[in-house]
Amino acid sequence: MKTKMIPLSLTLALAFCATPSHAARLDGAPPAACDGLKVATGPAGKGYSKLYADLVRVSKNTVPLCEVNTEGGLDNLTTLSIKKADVGIVPLDALKKMAEGDASIAALLVVASLNSNYLHIVTSANGFTLEGPKKYGVLKGDTRTVRITKMSELRGAPVVLVGSAQLMVRQLDKLLGYNMRYIDVDSDAAAFQKVRSGEAWAAFSVAGWPHGQISRLAQNSGLTLASFDVPTSSPYSVRPFSYKNIGVYNVQALAVQNVLVTRPFSGSKTGAVAALRQLLERELLELKDGDFEPGWNEIKSFDGNVEWTRFAGVAAKRK
């Protein structure tokens with residue numbers, strides 16, 4: 001069987017908890033007044049929202065920011081497209097794929113290259129018990145235990161998808177021809193429970209490292225992580241990560257880079273976006289050395305090559 005490469009167009013949605021001074025909402029409630037840049041992040045408690053919280057801390061109100069919580073990377077692109085946010089964090093491949101059919105997304109500009117998001121494949125640490133065909137048509141068949149240790153063992157398996165992984169895994173499955181059976185849920189907790197019950201052989205969730213929900217699992221949770229063993233091509237890579245709390249070390253995971261993007265502005269917000277970029281440059285060492293998210297330590301340069309039009313605004317001069 002030939003191994004297929006994952007093309008650039010494969011859409012991975014991906015994906016830090018904040019207590020901002022202002023927050024915009026997309027749940028129908030009136031948003032709070034915002035006197036700064038509206039930043040599209042993701043669910044509270046996950047990677048994008050945590051990165052935002054770090055920016056608020058180091059900014060010390062020098063760059064006014066307001067958080068717009070969304071469902072994650074793909075939702076951030078839509079949020080920017082309909083002008084409910086000014087800047088947002090998105091996965092690079094999703095940006096390139098979604099731009100093919102949306103001119104407003106194609107017009108977005110990259111402000112900074114950030115950390116990576118990772119595909120987490122959560123499965124049962126003890127495996128699943130399967131019963132074979134009945135003997136003589138009536139007697140109970142032999143049983144066997146199946147333990148999932150890698151992505152390629154999920155051909156034809158029932159899998160549970162949470163959040164933006166619902167699109168990503170479907171795209172991946174279409175490419176690989178694994179014919180997995182999907183169960184969509186709204187939360188990691190619901191996904192993990194279906195793995196524990198045996199209803200699903202694996203749960204797929206996308207987030208930066210460390211994944212908040214996984215890092216809070218106990219050693220006796222009955223869950224572990226499977227490796228991603230499918231070859232990749234740019235802009236994807238396969239990198240190892242570890243979760244000591246569940247005894248997982250150096251498991252290979254699919255990774256894709258996140259980028260901070262902005263809508264194109266020609267007025268005062270151009271200066272505000274430029275000030276945000278200057279804040280990142282000025283505080284990167286503090287973000288790396290201080291008590292902040294590990295994702296900052298992945299960043300070597302905010303100017304990493306992402307093959308996308310860059311933001312080139314100039315900060316407004318102070319009077």
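Residues numbered from 1 in each chain as written. Predicted model: local features only at pLDDT ≥ 70, side-chain atom pairs only at ≥ 80, totals over all residues. Heavy atoms only, no water.

If you look the protein up in an unreviewed UniProt entry, it shows as Immunogenic protein from Massilia genomosp. 1.

Just checking my understanding: could you explain the pattern of salt bridges for this structure?
Side-chain pairing between opposite charges can occur once the charged atoms of the two side chains come close. A complete count under the given rule lists 12 salt bridges for this structure. K194 is paired through a salt bridge with E199; the nearest N and O atoms lie 3.3 Å apart. Given the relative accessible area of 42%, E199 is considered partly exposed. Among the charged side chains, a salt-bridge network with shared partners connects K38, D86, R263 and K269. (Salt bridge = Lys/Arg side-chain N within 4 Å of Asp/Glu carboxyl O. Buried < 20%, exposed > 50% of the residue type's maximum accessible area, 1.4 Å probe, protein only.)

When you look at the nonpolar core in this model, what are you seeing that I'm missing?
Of all hydrophobic cores here, the largest spans 49 residues; its most connected members are I121, M151, L154 and F204. The greatest single-element share of this core, amounting to 6 residues, is contributed by strand β13 (residues 248-262). Ignoring any residue separated from it by four or fewer positions in sequence, one finds L154 in contact with I121, I148, V159, M180, W201, A202 and F204. With 28 residues, the next largest nonpolar core counts Y52, V87, L114 and I299 among its residues. (Core = buried A, V, L, I, M, F, W, Y, C linked by side-chain atoms within 4.5 Å. Helix = DSSP H or I, 4+ residues; strand = E, 2+ residues; numbered from the N terminus. Contact = heavy atoms within 4.5 Å.)

I'm lost on helix α8 (residues 268-289) in this one. Help?
Along an α-helix, residues three or four apart share an orientation, since each turn contains 3.6 residues. The end-to-end C-alpha distance of α8 is 33 Å, a good match for the 32 Å that 22 residues give at a rise of 1.5 Å each. Of all the bends in α8, the largest measures some 55° and sits at E283. By the burial criterion, the buried members of α8 are T270, G271, V273, A274, L276, R277, L279, L280, E283, L284 and L287. Lining the buried residues of α8 we find β2 (37-40), α1 (47-59), β3 (65-68), β4 (87-91), β5 (109-124) and β13. (Expected span 1.5 Å × (residues − 1). Bend = angle between axes of the 7 residues up to and from the residue.)

I'm lost on the confidence of the model for the protein in this one. Help?
Note: predicted coordinates in regions of low pLDDT should not be interpreted at a detailed level. Here the protein averages 86 in pLDDT, while 85% of its residues score no lower than 70. Per-element averaging of pLDDT across the protein places strand β1 (residues 23-24) at the bottom with 45 and strand β11 (residues 223-226) at the top with 98. In the predicted structure, residues 8-26 sits below a pLDDT of 50 and forms 83 contacts with residues beyond four places in sequence or in another chain. Across residues 315-319, where pLDDT falls below 50, the model places 5 contacts with residues more than four positions away in sequence or in other chains. (pLDDT = per-residue confidence, 0-100.)

I tried to follow the state of the cysteines on my own but got confused; where do I start?
Each disulfide is one covalent bond, formed between the sulfur atoms of two cysteines. Inspection of every chain in the model, using the stated rule, returns 1 disulfide. Covalent S-S linkage joins C34 and C66, the inter-sulfur distance amounting to 2.0 Å. The chirality of the disulfide connecting C34 with C66 is right-handed, given an S-S dihedral of about 95°. One end of the pair, C34, is in the loop between β1 and β2; the other, C66, is in strand β3, with 32 residues separating them in the sequence. A residue is classified by how much of its surface remains accessible, and C34, at 30% relative accessible area, is partly exposed. The exposure class of C66 is buried, given its relative accessible area of 1%. (Disulfide = S-S within 2.5 Å.)

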